Amino acid sequence: MNFKAKMSFWQIINMNVGFFGIQYSFGLQQSAVNPIYDFLQASPDQIPILNLAGPLTGLLIQPIIGAMSDKTWSPKFGGRRKPYFFIGALICSLALFLFPFSSSLWMAAGLLWILDVGNNTAMEPYRAFIADKLDESQQPIGFQAQSFFTGFGQTLANVSLFIFPLIFIGTTGKLPTWVFASFFLGAVCSIGSVWWSSRTTQEIPPSEEELKIMKSEPLNVFTPFIDIAKAVKDMPKVMWQLSLVYLFQWYALFCYWQNSSKSIALSVWHTTPQKDMKLYGEAVSWTGLVNGWYNVVTFLVAFGLVYFAKKYSAKMVHFTCLILAAIGFLIFPHIENKYLLFPAITGFGIGWASMMGIPYLMVVSQIPKERYGVYMGIINMMIVIPMFIQTISFGYILKHFLNNDPRLAITFSGVLLVLSAVFTLFITTKESISE
């Protein structure tokens, strides 16, 4: 068994800096891609299906990459996990650079698929990297450091939607010029931050026994699928319970991200993309600030949640944070003063801090270390399956039951988060987290 040396706080920070670039990219996906679809004349009920890339690539890529990284050891290319999240970051950077040149709706959708392949290639090996490097007492700090950088990266992505339109005026091609600046910065952040983490943090070499197992089970095209099937068959009960929480949680978040700009445009500016594109652009910029604020809250509270998870339990922390997020969503669409949107979305910022780290604490102690990669990929399947269901079902719901009203979509999200919080209470976890 390999000894996991204690790491200092700043070593843990260095190890997680790469998550900043990955999450800057996700921040642009959440807040900029759907407005770009609007700028390219997408109708409201087309938006969910245009977001199909995220769930489908996540469903296919993350568990496969996770399973492959479990059986990889390449000192020449950095180790077990680093080759995968470095390649993922390269793909992200290329897609982010090309995205602003989208001249049609389907070109943008195609580039989103490529961007998601990169993000998903990087994401779960990074989660497994934390579990590999840190012992149980330091894992809460490690996962919440990722939550911190989630907030930080997405804050900058969202704030760029407000600041860059003030600097880069006009349009280039079919899109506003600020889109180019935001996405070019994302391309630099993606590869630069992952390079830093790769340079400053070494992976723990596998033991002789682990190397023997890897050599006796060579990696081939069928290996990931066999490993995923075995892992699902052996999956601990806590993961099945978490999957029910995630079903409602992630369906709700996809509804929010797709409709937040249009909800603010209606409630504050009393306009739509079809009615006044210039005024809608102002709403998109303000949405960048609002979403930037919830991510500021995320990185401010991320490490504080570690204290509460140790004092009470990860389950109760996640339940409380989901309720706060739900309250924020239920209030959000009724606000007409743009400044009051910030206190309303604060609850979601706290909830987002929990979503990015706390659920991993519930499950990591109950999965074998040699299968961290595949199980982190399966957890992502629990995230993307609800998103997939949302992309193929919510367009119909929005059109036929919610009158294509984005404000009702946000309310719907709040109700789903309440259900998610209730199911969190049924999760069975360890009594406490190690000091």
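Values in this document were obtained by computation on a predicted structure and should not be read as measured data.

Description of the confidence of the model for the chain
Here's step 1: The predicted model of the chain averages 87 in pLDDT, with 97% of residues at 70 or higher.
Here's step 2: Looking at the elements of the chain, mean pLDDT is at its lowest for helix α8 (residues 208-216), recorded as 77, and at its highest for helix α16 (residues 406-424), recorded as 97.

Looking at empty space enclosed by the protein
Here's step 1: Applying the stated criterion to the full structure yields 4 cavities of 30 Å³ or more.
Here's step 2: What the largest cavity holds in volume is close to 390 Å³.
Here's step 3: As for the largest cavity, its lining consists of 28 residues, and the residues nearest its centre are Phe26, Gln30, Trp250, Trp257 and Met387.
Here's step 4: Listed by contribution, the elements that provide at least two residues to the lining of the largest cavity are α1 (9-39), α3 (53-70), α5 (105-133), α10 (237-267) and α15 (372-400).
Here's step 5: Per-class residue counts for the lining of the largest cavity are 14 nonpolar, 11 polar and 3 charged.

Observations concerning the layout of surface pockets
Here's step 1: Taken as a whole, the second largest pocket encloses approximately 390 Å³ of empty space.
Here's step 2: Lining the second largest pocket are 17 residues, with Pro165, Pro176, Trp178, Lys278 and Gly281 positioned closest to its centre.
Here's step 3: When contributions to the lining of the second largest pocket are tallied by element, the ones reaching two or more residues are α6 (139-167), β2 (175-176), α7 (177-200) and α11 (277-311).
Here's step 4: The class makeup of the residues in the lining of the second largest pocket is 9 nonpolar, 5 polar and 3 charged.

Points about the packing of aromatic side chains
Here's step 1: The full count for this structure, using the stated rule, is 45 aromatic pairs.
Here's step 2: By the ring-pair criterion, three or more aromatic residues cluster together here, those being Tyr246, Trp250, Phe254, Tyr256, Trp257, Tyr294, Phe329, Phe332, Phe348 and Trp352.
Here's step 3: Lying over the aromatic face of tryptophan 286, lysine 338 brings its terminal NZ or CZ to 4.4 Å of the ring centre.

Topic: the side chain of serine 267
Here's step 1: Structurally, the position occupied by serine 267 is in helix α10.
Here's step 2: Accessibility expressed as a relative area gives 5% for serine 267, which makes it buried.
Here's step 3: Filtering out sequence-adjacent residues up to four positions away, serine 267 remains in contact with Pro333, Ile335, Glu336 and Arg407.

Considering the packing of helix α4 (residues 82-98) against α7
Here's step 1: At a closest axis distance of 7 Å, the pairing of α4 and α7 adopts a crossing angle of 165°. By the angle between their axes, α4 is roughly antiparallel relative to α7. Helix-helix and strand crossings are classified by hand; for α4 and α7 the assignment is left-handed. Counted together, Lys82, Phe85, Phe86, Ala89, Leu90, Cys92, Ser93, Leu96 and Phe97 of α4 and Phe183, Phe184, Gly186, Ala187, Ser190, Ile191, Val194, Trp195 and Ser198 of α7 form the full contact between these two elements.
Here's step 2: Considered class by class, the residues forming the contact of α4 with α7 number 13 nonpolar, 4 polar and 1 charged.

Observations concerning a nonpolar patch on the surface
Here's step 1: Together, Tyr307, Phe308, Tyr312, Met316, Leu330, Val415, Val418, Leu419, Val422, Leu425 and Phe426 make up an exposed nonpolar region whose accessible area comes to about 970 Å².
Here's step 2: For the nonpolar patch, the elements supplying multiple residues, two or more each, are α11, α12 (314-331) and α16.
Here's step 3: By residue number, the principal contributor to the nonpolar patch is α16, which donates 4 residues.
Here's step 4: Position of leucine 425 among the secondary structure elements: in the segment after α16.
Here's step 5: By relative accessible area, which is 38% here, leucine 425 ends up partly exposed.

Here we look at the environment of asparagine 51
Here's step 1: Summarising the element assignment, asparagine 51 is placed in the loop between α2 (47-50) and α3.
Here's step 2: What makes asparagine 51 buried here is its relative accessible area of 7%.
Here's step 3: Distance in space between the C-alpha atoms of asparagine 51 and threonine 391 is 6.5 Å, their sequence separation being 340 residues.
Here's step 4: Residue contacts for asparagine 51: discarding those within four places in its chain leaves Asn34, Tyr37, Leu112, Phe254, Gln258 and Thr391.

With respect to α16
Here's step 1: Compared with an ideal rise of 1.5 Å per residue, which puts 19 residues at 27 Å, α16 spans 27 Å between its outermost C-alpha atoms and is within 8% of the ideal.
Here's step 2: When α16 is considered as a whole, its buried residues turn out to be Pro406, Ala409, Ile410, Ser413, Gly414, Leu416, Leu417, Ser420, Ala421 and Thr424.
Here's step 3: In this fold, the buried residues of α16 make contact with α10, α12, α13 (341-355) and α15.
Here's step 4: Capping the start of α16 is the job of one residue whose side-chain oxygen sits 2.8 Å from the backbone nitrogen of arginine 407: aspartate 405.

Details of the nonpolar core
Here's step 1: If you look at the biggest cluster of nonpolar residues, it comprises 131 residues, and the most contacted ones within it are Tyr37, Met239, Trp257 and Phe348.
Here's step 2: No other element matches the 16 residues that α10 contributes to this core.
Here's step 3: Not counting the four nearest positions on each side in its chain, phenylalanine 348 is found in contact with Leu253, Tyr256, Trp257, Tyr294, Leu324, Ala325, Phe329 and Met355.

Concerning the pattern of salt bridges
Here's step 1: In total, this model carries 7 salt bridges according to the counting rule given.
Here's step 2: With a closest N to O distance of 3.4 Å, aspartate 135 and lysine 6 form a salt bridge. Of this pair, aspartate 135 sits in the loop between α5 and α6 while lysine 6 sits in the segment before α1; the two residues are 129 residues apart in sequence, bridging distant segments of the chain.
Here's step 3: Judged by relative accessible area, which is 22%, aspartate 135 ranks as partly exposed.
Here's step 4: Taking the shortest distance from any N to any O, the salt bridge between arginine 371 and aspartate 234 comes out at 3.4 Å.

Each value, and the rule that gives it
Residues numbered from 1 in each chain as written. Predicted model: local features only at pLDDT ≥ 70, side-chain atom pairs only at ≥ 80, totals over all residues. Heavy atoms only, no water. pLDDT = per-residue confidence, 0-100. Helix = DSSP H or I, 4+ residues; strand = E, 2+ residues; numbered from the N terminus. 1 Å grid on protein atoms, 1.4 Å probe; cavity = no way out; pocket = protein on both sides within 12 Å on 5 of 7 lines; lining within 4 Å. Points joined across faces, edges and corners; volume = space filled by probe spheres on them. Nonpolar A, V, L, I, M, F, W, Y, C, P; charged D, E, K, R; others polar. Phe/Tyr/Trp six-rings, centres within 6.5 Å; stacked < 30°, edge-to-face > 60°. Lys NZ or Arg CZ within 6 Å of the ring centre and 35° of its normal. Buried < 20%, exposed > 50% of the residue type's maximum accessible area, 1.4 Å probe, protein only. Contact = heavy atoms within 4.5 Å. Axes fitted to C-alpha atoms, helices over the stretch in contact; angles between N-to-C directions. Parallel < 35°, antiparallel > 145°, perpendicular 65-115°, else oblique. Left-handed = near helix turned anticlockwise from the far one by under 90°. Patch = residues over 30% accessible without salt bridge, like charges linked within 9 Å, V, L, I, M, F, W, Y side chains within 5 Å. Areas by Shrake-Rupley, 256 points an atom, 1.4 Å probe, with all protein chains shown as cover. Salt bridge = Lys/Arg side-chain N within 4 Å of Asp/Glu carboxyl O. Expected span 1.5 Å × (residues − 1). Polar contact = N/O pair within 3.5 Å; in protein donor to acceptor, adjacent residues only side chain to side chain. Core = buried A, V, L, I, M, F, W, Y, C linked by side-chain atoms within 4.5 Å.

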